[in-house]
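# A look at the structure
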Amino acid sequence: MNLTSPSHVKAWCIENGFHPNRTLGQNFLIDRNILDVIVDAAGVQPGQAVLEIGPGLGVLTEALLARGARVVAVEKDARLASRLAAALGNPPELRVIEADALELDLDTLLAEPFDACVSNLPYSVGTRILIDIALHPLTPRSITVLVQTEVAERLAAAPGCEARGQAGVWLQLDHDVSIVRAVKASCFWPRPEVGSTIVRLDRHPCGLTPDERTWFFDLTRYAFMHRRKQLGASFRKAPAPLGREDATLAALFAAAGVDTVARAEQLTQTQWQALARAYAHAP
Ligand code: SAM
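Residues numbered from 1 in each chain as written. Predicted model: local features only at pLDDT ≥ 70, side-chain atom pairs only at ≥ 80, totals over all residues. Heavy atoms only, no water.

### Overview of the sheet that holds strand β7 (residues 175-183)
Applied cut-off: By this definition, two strands are paired if DSSP reports at least two bridges between them. Helical segments are the DSSP runs of H or I of at least four residues, strand segments are the runs of E of at least two, and each set is numbered from the N terminus. Orientation is described by lines fitted to C-alpha atoms, with helices fitted over the stretch in contact, and by angles between N-to-C directions that extend from 0 to 180 degrees. Only heavy atoms enter the contact rule, under which two residues are in contact if any of them lie within 4.5 Å.
If you walk across this open sheet you meet the seven strands as β4-β3-β2-β5-β6-β9-β7, and the pairing is mixed. The strands lining the two open edges of the sheet, one partner per strand, are β4 (94-98) and β7. Averaged over all adjacent pairs, the angle separating strand axes in this sheet is 20°, with direction ignored. Sitting on the sheet, helix α7 (residues 149-156) touches β6 (142-148), β7 and β9 (196-203), and the angle it makes with β6 is about 135°.

Here it is as structure tokens:
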């Protein structure tokens, strides 16, 4: 079957009584150019180990294998998972795992290790899957994914942008996040209601100790839960150990070079990290 031919994909579904499942975000990529853009953006080299979440009918899997990659593909849909290897000719470089990516034992899976993760993620749980993988200590060096455009904008949002939120600040702790290109809804079947965008994440050293990282996540989680508030006012009312007396709070913010009247989305990564360090090393 030509997986970028809409008529082939539709015919396979009809012949096999397969109805794409909306809840599982089964919008299959049917555009050859976009397929090439994703694989080019991922920069996959022969012999590299690639993790793919949600292979579906295998359009991306096939393209990754064609570039010489070794692919581990994790698919939740039992019907799709069970047919994938045979449908692609049982290549020895492919291992299919039937599992929910949200319930994977990532310590074991990512120990493989992988050079890259390349996926067309399901809309509903794409951000959660991406965060789980990207924040894991054994995360691949690069991650190239198709996600909903609104999600992509949040993940890449710079300080001061309306779209800046917890997910973006968390991912940018360990990765440079860049938008590769937007993808029209007509490139998928069934056609989704929203646009998609290819995003690439490149891992960089973080510079925080494990204890400082914990503070970073606790501080940002709380701050973005109250994103309309000024940070000083927000943390004054926070439960311990985030909440402190006014004078202590002022000293912590001053040590980090952060204005207490700033709002969560305005802080740079450097400022969030400085605040995490100040909290971690406060008496
Ligand atoms: N890679 C294929 C493509 O590009 O045409 C399919 C992508 S489709 C957007 C998302 C795929 O993820 C579907 O095959 C769906 O069954 C699978 N999926 C949905 N939720 C999942 C989960 N929690 N864990 C693993 N796979 C999941």
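There's plenty left to go through after this.
### Describing the site of the ligand
Using the following cut-off: What makes a residue near a molecule or strand is one non-hydrogen atom of that residue sitting within 4 Å of it. Residues adjacent in sequence count toward polar contacts only when both atoms are side-chain atoms; beyond that, a polar contact is any pair of N or O atoms within 3.5 Å, and within protein one must be able to donate a hydrogen and the other to accept it. Residue exposure ignores everything except the shown protein chains as possible cover, and the areas themselves are Shrake-Rupley values with a 1.4 Å probe.
Surrounding the ligand, one finds 22 residues, the nearest of these being L29, G54, E75, A101 and N120. A distance of 2.9 Å separates an oxygen atom of the ligand from a polar side-chain atom of Q26. Take A101: an N or O atom from its main chain is 2.8 Å from a nitrogen atom of the ligand. Expressed as a share of its isolated accessible area of 590 Å², the protein-covered part of the ligand is 98%.

### Some words on the pairing of β6
Here is the rule we go by: Think of it in three bands: residues with accessible area under 20% of the maximum for their type are buried, residues over 50% are exposed, and the middle band is partly exposed, with areas taken using a 1.4 Å probe on protein chains only. The path from the first strand over the helix to the second decides the hand: if it runs clockwise while the strands point away from the viewer, the crossover is right-handed.
For β6, a buried count of seven out of seven residues is recorded, marking the element as mostly surrounded by other parts of the structure. As judged from the five bridges shared by strand β5 (residues 116-120) and β6, these two strands associate in the parallel manner. By the bridge assignment for β6, C117 is matched with I143. With helix α6 (residues 126-134) bridging β5 and the parallel β6, this β-α-β connection has right-handed handedness. Relative to β9, β6 runs antiparallel, the two being bridged by seven bridges. Among the inter-strand pairings, Q148 is bridged to a residue of β9, identified as S196.

### Remarks on the environment of V177
Position of V177 among the secondary structure elements: in strand β7. What makes V177 buried here is its relative accessible area of 17%. For the pair formed by V177 and A152, sequence separation is 25 residues and the distance between their alpha carbons is 9.2 Å. When sequence neighbours within four positions are dropped, the list of residues in contact with V177 reads L155, A156, L171, Q172, V199, R200 and L201.

### Looking at the packing of helix α2 (residues 32-42) against helix α3 (residues 59-66)
Let me state the cut-off plainly: Orientation categories follow fixed angle ranges, with anything under 35 degrees roughly parallel, anything over 145 roughly antiparallel, 65 to 115 roughly perpendicular, and all other angles oblique. Take the far helix as the reference: if the near one is turned anticlockwise from it by less than a right angle, the crossing is left-handed, and if turned clockwise, right-handed. In this classification, Asp, Glu, Lys and Arg are treated as charged, Ala, Val, Leu, Ile, Met, Phe, Trp, Tyr, Cys and Pro as nonpolar, and every other residue, Gly included, as polar.
Running from N to C, α2 and α3 point in directions that differ by 50°, and their axes come no closer than 10 Å. One element, α2, and the other, α3, form an angle in the oblique class. Read as a crossing pair, α2 and α3 show a hand that is right-handed. In contact with L35, I38 and V39 of α2, α3 contributes V59, L60, A63 and L64. Here the contact of α2 with α3 is built from residues that sort into seven nonpolar, no polar and no charged.

### Some thoughts on the nonpolar core
Put simply, the rule is: Definition used in this section: a nonpolar core is a set of buried Ala, Val, Leu, Ile, Met, Phe, Trp, Tyr and Cys residues joined via side-chain atoms within 4.5 Å. Each domain's limits were defined by an automated method or a database of domain assignments.
In this structure, L51, F216, L219, L231, F235 and W272 are the most contacted members of the largest nonpolar core, which totals 62 residues. Here this core gathers at least three residues from each of two domains, domain 1 (6-203) and domain 2 (210-280). Leave out the neighbours within four places in its chain, and L231 touches A223, F253, V258, T260, A262, R263, A264, L267 and W272. With 35 residues, the next largest nonpolar core counts V9, I30, V59 and L65 among its residues.

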